[in-house]
Structures are given as structure tokens and as C-alpha cells.
Amino acid sequence: DESKEYSHTISVQFNEKDNENAIQIRPTIAQDKIILSSNLVFENDAMIHILNLSGQVVAHHKLIQGSQEMEIGIENLPTGHYFVKVIGGKESFTTRFIKQN
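What you see is a predicted model, and the numbers here were worked out from it, not measured in a lab.

A word on the pattern of salt bridges. For the coordinates displayed, the defined rule picks out two salt bridges. One salt bridge connects Arg-26 with Glu-69, and the closest N-O pair in it is separated by 3.3 Å. Taken together, the positions of Arg-26 in strand β1 (residues 23-26) and Glu-69 in strand β6 (residues 69-73) put the pair 43 residues apart, joining distant regions of the chain. Classification of Glu-69 as partly exposed rests on a relative accessible area of 48%. With its nearest N and O atoms 3.7 Å apart, the salt bridge here joins Glu-71 to Lys-33. Taken together, the residues span a long stretch of sequence, with Glu-71 in strand β6 and Lys-33 in strand β3 (residues 33-38) at a distance of 38 residues.

The following block contains the structure:
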């Protein structure tokens with residue numbers, strides 16, 4: 001009579017979308033432009049929203065499908081702290097930067 005034992009181990013998978021480094025901004029302290037780069041490839045165009053600390057969208061751009069890098073001009077933004085939110089399909093990612101004069 002063969003007896004069998006089963007493990008109660010649960011498998012956990014980490015998706016790339018959960019990676020906090022899915023999008024990056026450089027430089028993080030900038031005067032006239034920032035470079036947004038992503039290690040993800042979005043199936044459709046992704047929307048990029050720049051938000052002030054009050055949560056107001058102060059600028060928006062489109063990241064074309066298949067693109068993984070984009071230069072964004074920030075020369076018209078007032079000095080301050082900003083969030084960059086990238087929305088692609090049902091996924092969204094947020095990072096931040098500081099605008100200096």
C-alpha cells in the first residue's frame with residue numbers, strides 16, 4: 001500500500017507590472033526636459049499624465065504603442081514636485097520628479 005504526501009506549498013509569481021521600476025524618469029531633478037523610459041511594451045498607446053501635488057493634471061502626452069522611451073518638455077511647468085502617471089490599458093504606473101528653474 002503506497003501512501004502519498006502532498007506539500008502545502010503555495011506558488012507565488014511576480015509579474016513585471018508589479019515591479020516598481022516599470023517606468024523611470026531621468027533626471028529626477030530637471031529644468032527643461034525629462035526622459036521617461038519603460039521596461040514594458042504596451043499593447044496600445046499609453047497615456048502619460050503629469051500631475052501636481054494637488055492631483056491636478058497639468059500636462060498630458062501619448063506614448064506610442066511599442067515605444068519604450070519618450071522625451072517630455074517641462075520648461076513651462078512652475079518649479080515644484082510632480083507625479084508622472086503612465087496608463088496603458090488596465091495598468092497604471094506612477095513615478096515622480098522635481099522641476100527646478
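Before going further, it helps to spend a moment on the packing of aromatic side chains. Under the defined criterion, the tally for this structure stands at two aromatic pairs. Judged by centre distance (6.4 Å) and plane angle (55°), the rings of Phe-42 and Phe-93 are tilted. With Phe-42 in the loop between β3 and β4 (46-51) and Phe-93 in strand β8 (residues 91-99), the pair connects residues that are 51 residues apart, well separated along the chain. The pair Phe-42 / Phe-93 is uniform in exposure class, with both members buried. With a centroid separation of 5.5 Å and 20° between ring planes, the pair formed by Tyr-82 and Phe-97 is classed as stacked. Of this pair, Tyr-82 sits in strand β7 (residues 80-88) while Phe-97 sits in strand β8, placing them 15 residues apart in sequence.

Our focus in this paragraph is the environment of Val-57. When you line up the elements, Val-57 lands in strand β5 (residues 57-63). Through-space distance from the C-alpha of Val-57 to that of Lys-85 is 9.7 Å; in sequence the pair is 28 residues apart. If near-sequence neighbours (up to four positions away) are discounted, Val-57 is found in contact with His-49, Ile-50 and Leu-51.

One open sheet accounts for three strands, arranged β1-β3-β6; its pairing is antiparallel. Edge positions in the open sheet fall to β1 and β6, since each of these has one partner strand only. Across the sheet, the mean angle separating the axes of adjacent strands is 20° when strand polarity is ignored.

Residues Val-84 and Phe-97 are the most contacted members of the largest nonpolar core, which totals 22 residues. Contributions of two or more residues to this core are made by β1, β3, β4, β5, β6, β7 and β8. Not counting residues within four places of it along the chain, the set of residues in contact with Phe-97 comprises Ile-25, Thr-28, Ile-34, Ile-50, Ile-74, Leu-77, Gly-80, His-81, Tyr-82 and Val-84.

Cut-offs and rules
- Residues numbered from 1 in each chain as written.
- Predicted model: local features only at pLDDT ≥ 70, side-chain atom pairs only at ≥ 80, totals over all residues.
- Heavy atoms only, no water.
- Salt bridge = Lys/Arg side-chain N within 4 Å of Asp/Glu carboxyl O.
- Helix = DSSP H or I, 4+ residues; strand = E, 2+ residues; numbered from the N terminus.
- Buried < 20%, exposed > 50% of the residue type's maximum accessible area, 1.4 Å probe, protein only.
- Phe/Tyr/Trp six-rings, centres within 6.5 Å; stacked < 30°, edge-to-face > 60°.
- Contact = heavy atoms within 4.5 Å.
- Pairing = 2+ DSSP bridges.
- Axes fitted to C-alpha atoms, helices over the stretch in contact; angles between N-to-C directions.
- Core = buried A, V, L, I, M, F, W, Y, C linked by side-chain atoms within 4.5 Å.

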